[in-house]
Amino acid sequence: MSLAARQAELVAALTAGAPVPAGMDPVRLGIAARALLYKRAGEVARRWPLLAAGLGPDWHRVFAEWAGARPTAGSLRDGWDLARELQGRAALPEIAERELALVEARWRYDGRTPPRPRRLGIRRVADGRLLTISGRVMVIGRSDSL
Amino acid sequence: MVADKAGPAGPTGLIGAGGLPDWGVGIGWRPEIAGYIDGLPGLKFVEVVAEAIDEHLPIPAALKALRDRGVAVVPHGTRLSIGGADPIEPDRLRQFVAAAHRLEAPLASEHIAFVRAGGVEAGHLLPLPRTREAVDAVVANTRLVQQELDIPFALEPIAAIFDWPEDELTEGQFISEILERTGALLLLDVANVYANAINRGEPPSGLFDAVPLDRVAYVHVAGGSMHEGVYHDTHTDPVPPEVFDLVEALCDRHRPPALMLERDGHYPPAGQLTVELDGIATASGYPPVTPAGP
């Protein structure tokens, strides 16, 4: 098998739950896959601090369950996709709702292609509205909470 | 010509591998510890993650201030995937070279590793099979970088949690052949050497006898920890005493021109960074770069 094919097999095993490539040590690959997830969770937490903080002691478990069979799309999109999924099942912590709303106000993201800056938009949040003009986000209504 | 760009020569004025000056002790520049690094009076070089230099943004002010006071800044790539079976993505190579130019870098570096395959990002540096085919892939991609870069380029062997069944070469043979065929310099990470030795059950200093130490451009020193019976090169834990011992063993054989502390998170109080920087100075015999104590 070619180097390219073997490398692709390995990456799929480590990031997407594909079978362990022939001849490789499954124990060591399992350890490597968990180390990758831990590092990735840290990177997403840095980009989405309120998502991680809102989940507190559950953060690493929730992230690992969600990310275990999903290769990374970068920490911005990983955190975004996870936040939307949690929101969809009413499991997104309140402070993470605000963080998501702020990011959604600044960027347009279809969940499949890289996010693009939003020039103009208005979004409702729990205690007011977020107005985006030329990439700047303003809070209308109660402004003490963002 | 290289020395012109390299800023002030080291304390001894000696010229090391690739005509680079003797920089002594340095540190990986990260925004979180920029204030601490700014207060290091004897500093002559820092390394910065190349992908952190965003082509659409100004160079971080604290980094530019270091550059302006004559501290050399070395961009360190993590996403070129030099060991990938496919050629480096042209856009990534262009950004890497642009970062080196903007930083007026005297040297740049990357890893002997791959980070993506089959269109999927691994999210971390992965080890290559030590085969002739993998050597060819690394050599081809290194040459692509060297064609675009007008400064010396150094390659760093990584820490591996696992090995490939198709390995044909020892690690020493694998690294030496890549350096010989490309003319690249070596970025030797002593913590990676330690991690690999522990995880393979081999003596750590063995690699020092198997690679050309006169080609070492600089050295990484970092911390790690044991999990599940495996040593992980985390960069978020203290540097273990065994790694400082290895730095000493390396310098006894052939002292490299520069050595640096690499820390990537869970940043400790300034005092702990000072202890580790001074530990590198003591183990290597270079002058400390930290402020003199009370």
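Rules of the game
- Once a new chain begins, its residue numbering starts again from 1 and follows that chain's sequence as written.
- Working convention: letters from A go to chains and numbers from 1 go to ligands, in the order in which they are written.
- Where totals are concerned, whole chains, interfaces and linings use all residues; where local detail is concerned, this predicted model gives features only for residues with pLDDT of at least 70, and gives and counts side-chain atom pairs only at 80 or more.
- Water and hydrogen atoms play no part in the side-chain values, which are based on all heavy atoms of the structure.
- Only runs of H or I of at least four residues qualify as helices and only runs of E of at least two qualify as strands under DSSP, and these elements are numbered from the N terminus.
- Partly exposed residues are those whose accessible area sits between 20% and 50% of the maximum for their type, while under 20% is buried and over 50% is exposed, using a 1.4 Å probe and protein chains only.
- Contact criterion: two residues are considered in contact whenever any of their non-hydrogen atoms come within 4.5 Å of each other.
- Accessible surface area values rest on a Shrake-Rupley calculation with a 1.4 Å probe, where residue burial reflects the displayed protein chains alone.
- Neither His nor the chain ends contribute to the count of charged residues, in which Lys and Arg are positive and Asp and Glu negative.
- Where a charge sits is defined by one atom per residue type, namely NZ (Lys), CZ (Arg), CG (Asp) or CD (Glu).
- Every definition here rests on a 1 Å grid over the protein atoms only: cavities are sets of points where a 1.4 Å probe fits but cannot get out, pockets are open sets enclosed by protein on both sides within 12 Å along at least five of seven lines, and lining residues have some atom within 4 Å of a point.
- Grid points are joined across faces, edges and corners, and a volume is the space filled by probe spheres set on the points.
- Asp, Glu, Lys and Arg are counted as charged, while Ala, Val, Leu, Ile, Met, Phe, Trp, Tyr, Cys and Pro are counted as nonpolar; the rest, among them Gly, fall into the polar class.
- Under this definition, polar contacts are N or O atom pairs within 3.5 Å; protein pairs additionally need one hydrogen-donor-capable and one acceptor-capable atom, and for neighbouring residues in sequence, both atoms have to be side-chain atoms.
- One number per residue, pLDDT, summarises how confident the predictor is, and it ranges from 0 to 100.
- Here a strand pair is declared whenever DSSP counts at least two bridges between the two strands.
- Salt bridges are defined by distance alone: a side-chain nitrogen of Lys or Arg within 4 Å of a carboxyl oxygen of Asp or Glu.
- What makes a patch is a set of residues exposed beyond 30% relative accessible area and free of salt bridges, joined within 9 Å when like-charged and within 5 Å when nonpolar (Val, Leu, Ile, Met, Phe, Trp, Tyr).

K.L.:
Could you give an account of the overall build of chain A, naming the residues involved and the relevant values?
P.N.:
If you tally the helices and strands in chain A, you get 6 helices and 5 strands. Ordering the α and β elements of chain A from the N terminus gives α-α-α-α-α-α-β-β-β-β-β. Looking at chain A residue by residue over its 146 residues, the buried ones come to 39%. A separation threshold of at least 6 residues defines the contact pool for chain A, and within that pool the share at least 24 residues apart is 44%. Just so you have it, chain A exposes about 8,000 Å², and 55% of that area is on carbon and sulfur atoms. Within chain A, one finds 24 positive and 15 negative side-chain charges whose respective centroids are separated by 6 Å.

K.L.:
An account of the layout of surface pockets is needed here, citing residue identities and associated values.
P.N.:
Residues and elements named next belong to chain B. The space that makes up the second largest pocket amounts to roughly 260 Å³. Residue lining of the second largest pocket: 19 residues in total, with Glu171, Asn196, Arg200, Glu202 and Leu207 positioned closest to the centre. If you list the elements that add at least two residues to the lining of the second largest pocket, you get helix H6 (171-182), strand E8 (185-189) and helix H7 (190-200). When residues of the lining of the second largest pocket are assigned to their parent elements, the largest contribution, 5 residues, is made by H7. Of the residues that constitute the lining of the second largest pocket, the class distribution is 9 nonpolar, 5 polar and 5 charged.

K.L.:
Tell me what's going on with the environment of Arg40 of chain A, and back it up with residues and numbers.
P.N.:
Residues and elements named next belong to chain A. Of note, Arg40 is situated in helix H2 (residues 26-47). Note: C-alpha distance between Arg40 and Ala67 (27 residues apart in sequence) is 8.9 Å. Ignoring sequence-local partners within four residues, the contact set of Arg40 consists of Phe63, Trp66, Ala67, Arg70, Pro71, Thr72 and Asp78. A polar atom in the side chain of Arg40 sits 2.7 Å from the backbone oxygen of Arg70.

K.L.:
Please give an account of the confidence of the model for chain B that cites residues and values.
P.N.:
The predicted structure's coordinates, where accompanied by low pLDDT, should not be read in detail. In this model, chain B carries a mean pLDDT of 93, and residues with pLDDT of at least 70 account for 93%. Contacts of residues 1-14 of chain B to residues separated by more than four positions or lying in other chains number 28 contacts, the stretch itself having pLDDT below 50.

K.L.:
Give a description of the pairing of strand E3 (residues 120-125) of chain A that names residues and reports values.
P.N.:
All names here are of chain A. Summarising the sheet, E3 and strand E4 (residues 128-133) pair through 6 bridges and their orientation is antiparallel. Residue pairing in the sheet places Arg124 in a bridge with Arg129 of E4. Once E3 ends, the chain turns through 2 residues before running back antiparallel as E4.

K.L.:
Can you break down the interface of chain B and chain A residue by residue, with the values?
P.N.:
Contacts between chain B and chain A engage 31 residues on the former and 24 residues on the latter. Between chain B and chain A we count 3 salt bridges in total. If you look at where chain B meets chain A, you find 10 residue pairs in polar contact (both at pLDDT 80 or more). Among the secondary structure elements, those contributing two or more residues to the side of chain B that touches chain A are strand E5 (114-117), strand E6 (120-126), helix H5 (132-148) and strand E11 (230-232) of chain B. Here the side of chain B that touches chain A takes 6 residues from E6 of chain B, the largest share from any one element. Looking at the side of chain B that touches chain A residue by residue, the class counts come to 15 nonpolar, 7 polar and 9 charged.

K.L.:
Account for a negative patch on the surface, with residues named and values stated.
P.N.:
Residues and elements named next belong to chain B. There is a patch of like negative charges on the surface, built from Glu242, Asp245, Glu248 and Asp252. Relative to the helices and strands, Glu248 resides in helix H8 (residues 241-253). The partly exposed category is assigned to Glu248, whose relative accessible area is 41%.

K.L.:
Give me the lowdown on empty space enclosed by the protein, citing residues and values where you can.
P.N.:
Residues and elements named next belong to chain B. In the structure shown here, the tally under the stated rule is 3 cavities of 30 Å³ or more. By volume, the largest cavity amounts to about 140 Å³. Forming the boundary of the largest cavity are Ile112, Pro127, Leu128, Arg130, Pro157, Ile158, Ala160, Asp163, Glu171, Phe174, Asn196 and Arg200. Put simply, the parts of the chain that give the lining of the largest cavity at least two residues each are H6 and H7. Grouping the amino acids of the lining of the largest cavity by side-chain chemistry returns 7 nonpolar, 1 polar and 4 charged.

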